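# Per-entry structural report
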Amino acid sequence: MASAQPAAEPCPCGRGLPYPECCGRWHARHAADGTLAAPTAEDLMRSRYTAFARLGAADPTSDDGARTVTAMVAYLRATWAAETRPSPADLTLSPGDPAIRFTRLAVTDTTGGGPFDSVGTVTFTALGRDASGARVRLTERSRFRREDGVWRYVDGDVAG
Ligand SMILES: [Zn+2]
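Here's what I pulled together on the structure shown here. Just so you know, these numbers come straight off a predicted model, no measurement behind them. (Residues numbered from 1 in each chain as written. Predicted model: local features only at pLDDT ≥ 70, side-chain atom pairs only at ≥ 80, totals over all residues. Heavy atoms only, no water.)

Attention now moves to the pairing of strand β1 (residues 101–112). Where β1 meets strand β2 (residues 119–129), 10 bridges bridge the pair, whose relative direction is antiparallel. Along β2, the bridge assignment pairs Phe102 with Gly128. Remark: six residues form the turn of the hairpin made by β1 and β2, two consecutive strands paired antiparallel; Gly113 in that turn has positive phi of roughly 80°. (Pairing = 2+ DSSP bridges. Helix = DSSP H or I, 4+ residues; strand = E, 2+ residues; numbered from the N terminus.)

Structural data, given as structure tokens:
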């Protein structure tokens, strides 16, 4: 008899697929053997948004939550270009730190970023709430670079 698995949650990135069939594929591949497999800049951007969303929603005082935090921080660092990559401490919130809980993502524009491109941009708006419950709205045009077949986030221009 199968162990009790919760019904698959919809992926936070909003594509309408269950998490394991959407961004969860790229997270799981990375956790399994370090492979970064997102084929396009948009796939990578969505998987990074989803990693931030799971990071913000995780309870680091539970075993499950602590594992999620470790895995998502590792994924975010691995998918960051070396020259702009933050330290683990900069990505790991101490207990009690305000975390943004992202609730919605809209990708509004992309340029390049395909399997045969070496650069790409993704413009998106992310909605969430901060620790006080206030609405947060982040619009960014992110730049991505593909090296040795691997897409990574370089930096972005925040607007609005
Ligand atoms: Zn997704």
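Glancing now at the environment of Pro18. Along the chain, Pro18 falls in the segment before α1 (23–33). Each C-alpha atom, one on Pro18 and one on Thr139, is 25 Å from the other, the two residues being 121 residues apart in sequence.

Turning to the coordination of the zinc ion, a few remarks are in order. Looking at the zinc ion, the protein donor atoms are Cys11 (SG), Cys13 (SG), Cys22 (SG) and Cys23 (SG), and they sit 2.3 to 2.4 Å from it. Each of the four donor atoms around the zinc ion contributes to a set of angles spanning 101 to 121°, which defines the coordination as tetrahedral. Written as a sequence motif, the donor arrangement for the zinc ion is C-x1-C-x8-C-C. Here Cys11 is found in the segment before α1, whereas its partner Cys23 is found in helix α1, with 12 residues between them in sequence. For the pair Cys11 and Cys23, a shared accessibility class is recorded, and that class is buried. (Donors = N, O, S within 2.8 Å, 3.2 Å for Na, K, Ca; no water. Tetrahedral: all angles 85-135°; square planar, octahedral: opposite > 155°, others 65-115°. Buried < 20%, exposed > 50% of the residue type's maximum accessible area, 1.4 Å probe, protein only.)

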